[in-house]
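Below, each chain spelled out in residue letters.
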Amino acid sequence: MDTKQYKKILYSVLDLASIKEGHTPADSFADSLELAKAAEKLGYTRYWFAEHHNMVNVASSATAVLIGHIAGGTSTIRVGSGGIMMPNHSPLIVAEQFGTLASLYPNRIDLGLGRAPGTDQVTAMAIRGANFNVPHNFPKDIKKLQALFSDDNWDSKVRAIPGEGLNVPIWILGSSTDSAHVAAAMGLPYAFASHFAPAYFNEAINIYRENFQPSEYLNEPYVLSCINVVAADTVDEAEKLATSVQQLFLGIVTGRRKLLQPPLEKMDNVWNIYEHEAVSQMLKYLFVGDREKIKTDIQAFLEKTQVDEVMVTSHIYDQQARIHSYQVFADVLKDLEIPVSNK
């Protein structure tokens, strides 16, 4: 008799509103809404945007505005940030923005928070101005946000209107072990950027789980892992489509960023052996293949890591191929049950 426990894994979307070669940010926003509508029908739990600045191929800089655009064009999927970069904002402004979103779209808004600026130092200086050299305290900012969202803040001299009393769900984002300690100590859900920073992933989620302190927001640790997925009807087709994300990360490695490029037949003439290795390390959690290969690979990943949710980002040039990739992944995940580890 099988006494093992099994769990279903939630699946979600991370969108950077990537700008494609030959297209505009407006095209990216239209594609995002089309994908969000499809994701909602396919059973995806949430649709997040990430705040980045001064990147030629990323159009999600005004993150809260895009969240409103997507929430307004859908009806049930949760929409949020993965994340808002707190060095760039005061807690009050974030509380007001997300309080407005939560008032417009009740019980559908998530607030993921990051501790980095989401850009280079020159741009960070342009964003923060005279505050650039002021020490930034990430945990204090989180506590200020929690206070601004709480019912207890009604008699404070500084109030978030709208925002107060809405208790918008806060997530801690991370790409290193520092954020794991913060999320654990504050008893908040933890989302890890394993789609581009896999080196500390396993160590970080272990730190989070081992040190987690239950809170009024969460009783048990909850881990979300962001991954890259390129799925298609055949392995060969998926591998060709994946050359777009490989070119994107090659631009990161070399410092020669480009708009999202069309797929290539092969990458051999595009990168050298050292660049190939560097990109492969960053894309450790890139899942490429047809339905059966994706199922085999993602099941092994989920059984090993025991994450509670996966958030998929798919840098695929052709919009319909991108939507189809999310459809294939949803078909795999909705039927998958993962044995719960006794560790």
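Above this text you will find the structure in question.
In this report, the structure presented in the accompanying data block is examined. (Residues numbered from 1 in each chain as written. Predicted model: local features only at pLDDT ≥ 70, side-chain atom pairs only at ≥ 80, totals over all residues. Heavy atoms only, no water.)

### Quick word on the overall build of the chain
Here is step 1 of the chain: Broken down by element type, the chain carries 12 helices and 11 strands.
Here is step 2 of the chain: The C-alpha radius of gyration computed for the chain amounts to 20 Å, which stays within 12% of the reference 20 Å derived for 343 residues, consistent with globular compactness.
Here is step 3 of the chain: Along the longest, intermediate and shortest principal axes, the C-alpha atoms of the chain span 60 × 60 × 40 Å.
Here is step 4 of the chain: When burial is assessed residue by residue, the chain has 55% of its 343 residues classed as buried.
Here is step 5 of the chain: In the chain, of all internal contacts separated by at least 6 residues, the share reaching a separation of at least 24 is 74%. (Helix = DSSP H or I, 4+ residues; strand = E, 2+ residues; numbered from the N terminus. Rg over C-alpha atoms; globule rule 2.2 N^0.38 Å. Buried < 20%, exposed > 50% of the residue type's maximum accessible area, 1.4 Å probe, protein only. Contact = heavy atoms within 4.5 Å.)

### Some thoughts on the environment of Ala 300
Here is step 1 of the chain: Its place among the elements puts Ala 300 in helix 11 (residues 291-305).
Here is step 2 of the chain: A sequence separation of 38 residues divides Ala 300 from Ile 338, and the C-alpha atoms of the two residues are 9.3 Å apart.

### Remarks on a negative patch on the surface
Here is step 1 of the chain: There is a patch of like negative charges on the surface, built from Asp 151, Asp 152, Asp 155 and Glu 216.
Here is step 2 of the chain: Within the element layout of this structure, Asp 151 appears in the loop between helix 5 (138-149) and strand 6 (170-174). (Patch = residues over 30% accessible without salt bridge, like charges linked within 9 Å, V, L, I, M, F, W, Y side chains within 5 Å. Areas by Shrake-Rupley, 256 points an atom, 1.4 Å probe, with all protein chains shown as cover. Salt bridge = Lys/Arg side-chain N within 4 Å of Asp/Glu carboxyl O. Lys, Arg positive; Asp, Glu negative; His and termini not counted. Charge placed at Lys NZ, Arg CZ, Asp CG, Glu CD.)

### Describing the packing of aromatic side chains
Here is step 1 of the chain: The tally for this structure, following the rule as stated, stands at 13 aromatic pairs.
Here is step 2 of the chain: Aromatic side chains Phe 201 and Phe 301 sit 6.1 Å apart centroid to centroid with 15° between the ring planes, which places their arrangement in the stacked category. On the criterion of sequence distance, the pair formed by Phe 201 in helix 7 (residues 201-211) and Phe 301 in helix 11 is long-range, its members being 100 residues apart.
Here is step 3 of the chain: For Phe 301, a relative accessible area of 6% translates into the label buried.
Here is step 4 of the chain: Measuring from ring centre to ring centre gives 5.6 Å for Tyr 208 and Phe 212, while their planes differ by 75°; the resulting arrangement is edge-to-face.
Here is step 5 of the chain: Overall, Tyr 208 belongs to the buried group, its relative accessible area being 0%.
Here is step 6 of the chain: On the basis of relative accessibility, which here comes to 10%, the residue Phe 212 falls in the buried class.
Here is step 7 of the chain: Its end group placed over the ring of Tyr 317, Lys 20 keeps NZ or CZ at 5.4 Å from the ring centre. (Phe/Tyr/Trp six-rings, centres within 6.5 Å; stacked < 30°, edge-to-face > 60°. Lys NZ or Arg CZ within 6 Å of the ring centre and 35° of its normal.)

### Comments concerning the packing of helix 2 (residues 63-73) against helix 3 (residues 91-104)
Here is step 1 of the chain: Two numbers describe how helix 2 lies on helix 3: the axes approach to 11 Å, and their chain directions differ by 0°. Relative to helix 3, the element helix 2 is oriented roughly parallel. Residue-level inspection shows Ala 64, Ile 67 and Gly 68 of helix 2 in contact with helix 3, the latter providing Gln 97, Phe 98 and Leu 101. (Axes fitted to C-alpha atoms, helices over the stretch in contact; angles between N-to-C directions. Parallel < 35°, antiparallel > 145°, perpendicular 65-115°, else oblique.)

### Section: the pattern of salt bridges
Here is step 1 of the chain: Per the counting criterion, the structure on display carries 12 salt bridges.
Here is step 2 of the chain: A salt bridge links Arg 46 to Asp 110; its shortest N-O distance comes to 2.9 Å. Of this pair, Arg 46 sits in strand 3 (residues 46-49) while Asp 110 is found in strand 5 (residues 109-114), placing the two residues 64 residues apart along the sequence.
Here is step 3 of the chain: Arg 46 serves as the salt-bridge partner of Glu 309, at 2.8 Å between the closest nitrogen and oxygen. With a gap of 263 residues between them, Glu 309 in strand 10 (residues 309-313) and Arg 46 in strand 3 connect regions that are remote in the sequence. Each member of the pair, Glu 309 together with Arg 46, is buried.
Here is step 4 of the chain: Each of Arg 46, Arg 78, Asp 110 and Glu 309 takes part in a single network of salt bridges with overlapping partners.

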